[in-house]
Amino acid sequence: MGSNTSSVATTRLDHIRLNLAAVRQRVGDRLVLAAVKANAYGHGAVAVSRMIEATGAADWLGVAHVSEGLDLRRAGVRLPILKLSVARGDEVGQAIASGITLTVTDEASILEAGHSATALGEVAEIHLKLDTGMGRIGRRPDAAPRLAALAAKTAGVRLSGVFSHLPVADMPSQDRFTADQQRLFGEAANLVEAAVGPVIKHLANSAGVLAHPGSWFDMVRPGIMIYGAYPDPACPHTVALEPGMEWTTTVSFIKRVRPGETVGYGRTWTATEETRVATIPVGYGDGYSRRLSNRGRVLINNRSYPIVGRVCMDQSMINLGPTTNVAVGDPVILLGRSSSDRITTDDLAELMETIPYEVTCLLTPRVVRESIEVPGEGA
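First, a word on scope: everything that follows refers to the structure included in this document.

Quick notes on the overall build of the protein
Part 1 of the argument: Within the protein one finds 11 helices and 20 strands.
Part 2 of the argument: Referenced to the eigenvectors of the C-alpha coordinate spread, the extents of the protein come out at roughly 80 × 45 × 45 Å.
Part 3 of the argument: In the protein, the proportion of contacts linking residues at least 24 apart, taken out of those at least 6 apart, comes to 66%.
Part 4 of the argument: With an accessible surface of roughly 16200 Å², the protein has 51% of that area assigned to carbon and sulfur atoms.
Part 5 of the argument: Distance from the positive charge centre (38 side chains) to the negative charge centre (39 side chains) of the protein: 3 Å.

Here's what the structure looks like:
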């Protein structure tokens, strides 16, 4: 697929490094696992992971699929990698051969890891996932001693971690539920250690880092916060964050629109006065959501202009007003800062009625990717 050279998403590695440094400052001597799944939430997993390894910004990396971990290994990344969900079939052996730590959730996944590792002449590092309230994967905490005992006697595996996940840590109204999870997890983790000795205990996601020190245990797993967004507006902003991405394009066309004329599919916007409308070569085919139709805005020459009409697959339109100094070729900020204003992932998420995670994950391969570290920043 070809790239749209007029649309560039720039990952600010210096900002991501600053955010990880802020996590370290907050959690003290705990280990830090940086979630780089889903192409580092759309920011570029290889570039982000290489930066993390080169600077020591985190101790572990977290992926969702074995293929994501293999991509990092092929790129030369040697940091410990945890696959955060269960691997099955051929993926198990591939992960073990590449030194990727596996998540196990039950008897079958423990035995499968042991069988694959023994066949390879290796020992698989495994972390046991418990369900303390997320309701996604993992056995309940009362199964922890039995599963730990099974791992201890299964050839080819070494149980080196135990973890769970927080579903509502970003919601202050649910703090009691989160506190109960912390207690359940702590009790179960102690029973695991009684069976197999010391392991890495980890529970905290971004919201846990921000709002729940009791969830920190031995390692924390920040995700969205290292890319510069808070998991929810209600979550305490106890750590200052810098945006991890900027997204820009250029004006491709400008036309005069008369009063009463309409713009775009469905004729959803009608000019109330004579105005000028600009077109930009970005649409939902690039990951600029159709939900931003007649709702979004962009920054051009330090001014904010509204999206008008429906966002198309490849183009979108902007109302410049009756008088303007905007010209074809001028840079357009879709996500990022001008000298007088900014558009954040939180801003776009609110307009899209979604979460900031989705904003950057939506960007498609035809958007050109760059990664930069500005000299003097992020040091």
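There's plenty left to go through after this.
Regarding the pattern of salt bridges
Oppositely charged side chains can pair when the atoms bearing their charge come close.
Part 1 of the argument: Evaluation of the coordinates by the stated rule reveals 21 salt bridges.
Part 2 of the argument: Across the pair Lys 201 and Glu 193 runs a salt bridge whose closest N-O atoms are separated by 3.1 Å.
Part 3 of the argument: Each of Arg 12, Asp 14 and Glu 246 takes part in salt bridges that share partners, so that together they form one network.

Quick word on the side chain of Asp 330
Part 1 of the argument: By secondary structure assignment, the location of Asp 330 is in the loop between strand E17 (316-321) and strand E18 (331-337).
Part 2 of the argument: Buried charge without a salt bridge: Asp 330, with Arg 303 as the nearest opposite-charge side chain at an N-O distance of 11 Å.
Part 3 of the argument: Within the structure, the side chain of Asp 330 is placed 2.9 Å from the backbone nitrogen of Ala 327, a separation counted as a polar contact.
Part 4 of the argument: Those residues within four positions of Asp 330 in sequence are excluded, and the remaining contacts are Thr 249, Thr 250, Val 251, Ile 300, Asn 301 and Asn 325.

Describing the environment of Leu 335
Part 1 of the argument: For Leu 335, the location among the structural elements is in strand E18.
Part 2 of the argument: Spatially, the C-alpha atoms of Leu 335 and Thr 10 are 9.9 Å apart, while their sequence positions differ by 325 residues.
Part 3 of the argument: If we skip the residues at most four places from it in the chain, Leu 335 touches Met 245, Glu 246, Trp 247, Ile 343, Thr 344, Thr 345, Leu 348 and Thr 360.

Regarding the packing of aromatic side chains
Part 1 of the argument: Enumeration according to the criterion identifies 4 aromatic pairs in this entry.
Part 2 of the argument: Through a chain of ring-to-ring contacts, three or more aromatic side chains come together here, namely Tyr 41, Tyr 227 and Tyr 357.

Structural notes on the sheet that holds strand E7 (residues 157-163)
Part 1 of the argument: Overall, parallel pairing links the 8 strands, which are arranged E2-E3-E4-E5-E6-E7-E8-E9 in a closed barrel.
Part 2 of the argument: With 3 bridges joining them, strand E3 (residues 60-63) and strand E4 (residues 81-86) adopt parallel strand pairing. Counted as the bridge partner of Gly 62 is Leu 82 from E4.
Part 3 of the argument: Where helix H8 (residues 175-196) meets the sheet, its contacts fall on strand E6 (124-129), E7 and strand E8 (200-204), and the angle it forms with E8 comes to roughly 170°.

Description of the nonpolar core
When a protein is soluble and globular, its nonpolar side chains tend to lie buried together.
Part 1 of the argument: Counting 72 residues, the largest nonpolar core has Leu 20, Val 36, Ile 52, Leu 61 and Ile 126 as the members making the most contacts within it.
Part 2 of the argument: If sequence neighbours within four positions are ignored, Ile 126 has contacts with Thr 101, Leu 102, Val 104, Ala 113, Ala 151, Val 157, Arg 158, Leu 159, Ser 160 and Gly 161.
Part 3 of the argument: Within the second largest apolar cluster, 29 residues are counted, among which are Ile 280, Val 282, Ile 307 and Leu 335.

Here we look at unusual backbone geometry
Part 1 of the argument: The backbone phi angle of Asn 294 is positive, close to 55°, even though this residue is not glycine.
Part 2 of the argument: With respect to the element layout, Asn 294 can be found in the loop between strand E14 (275-280) and strand E15 (297-300).
Part 3 of the argument: One non-glycine residue, Asn 301, lies in the positive phi region at around 50°.
Part 4 of the argument: If you trace the backbone, Asn 301 turns up in the loop between E15 and strand E16 (303-308).

Considering the packing of helix H1 (residues 13-27) against helix H3 (residues 45-55)
Part 1 of the argument: H3 packs onto H1 with a crossing angle of 55° between their chain directions and a minimal axis gap of 10 Å. Put simply, H1 runs oblique to H3. Crossing handedness for the pair H1 and H3: right-handed. Of H3, the residues touching H1 (which contributes Leu 13, Ile 16, Arg 17 and Leu 20) are Ala 47, Val 48, Met 51, Ile 52 and Thr 55.
Part 2 of the argument: Of the residues in the contact of H1 with H3, the class split is 7 nonpolar, 1 polar and 1 charged.

Digging into the environment of Ile 372
Part 1 of the argument: You can see Ile 372 is positioned in strand E20 (residues 367-372).
Part 2 of the argument: What makes Ile 372 partly exposed here is its relative accessible area of 32%.
Part 3 of the argument: Other than its neighbours up to four places away in sequence, Ile 372 contacts Thr 10, Thr 11, Arg 12, Leu 13 and Asp 14.

Some details on helix H10 (residues 345-352)
Part 1 of the argument: For H10, the complete set of buried residues consists of Thr 345, Leu 348, Ala 349 and Met 352. When H10 is viewed along its axis, its buried side chains cluster within an angular range of 100° and face the same direction.
Part 2 of the argument: In this fold, the buried residues of H10 make contact with E18, strand E19 (342-343) and helix H11 (356-361).
Part 3 of the argument: One or two steps after H10, the chain reaches Glu 353, where phi turns positive at roughly 55°.

Thresholds, definitions, all that
- Residues numbered from 1 in each chain as written.
- Predicted model: local features only at pLDDT ≥ 70, side-chain atom pairs only at ≥ 80, totals over all residues.
- Heavy atoms only, no water.
- Helix = DSSP H or I, 4+ residues; strand = E, 2+ residues; numbered from the N terminus.
- Contact = heavy atoms within 4.5 Å.
- Areas by Shrake-Rupley, 256 points an atom, 1.4 Å probe, with all protein chains shown as cover.
- Lys, Arg positive; Asp, Glu negative; His and termini not counted.
- Charge placed at Lys NZ, Arg CZ, Asp CG, Glu CD.
- Salt bridge = Lys/Arg side-chain N within 4 Å of Asp/Glu carboxyl O.
- Buried < 20%, exposed > 50% of the residue type's maximum accessible area, 1.4 Å probe, protein only.
- Polar contact = N/O pair within 3.5 Å; in protein donor to acceptor, adjacent residues only side chain to side chain.
- Phe/Tyr/Trp six-rings, centres within 6.5 Å; stacked < 30°, edge-to-face > 60°.
- Pairing = 2+ DSSP bridges.
- Axes fitted to C-alpha atoms, helices over the stretch in contact; angles between N-to-C directions.
- Core = buried A, V, L, I, M, F, W, Y, C linked by side-chain atoms within 4.5 Å.
- Parallel < 35°, antiparallel > 145°, perpendicular 65-115°, else oblique.
- Left-handed = near helix turned anticlockwise from the far one by under 90°.
- Nonpolar A, V, L, I, M, F, W, Y, C, P; charged D, E, K, R; others polar.
- Arc of directions from axis to C-beta.

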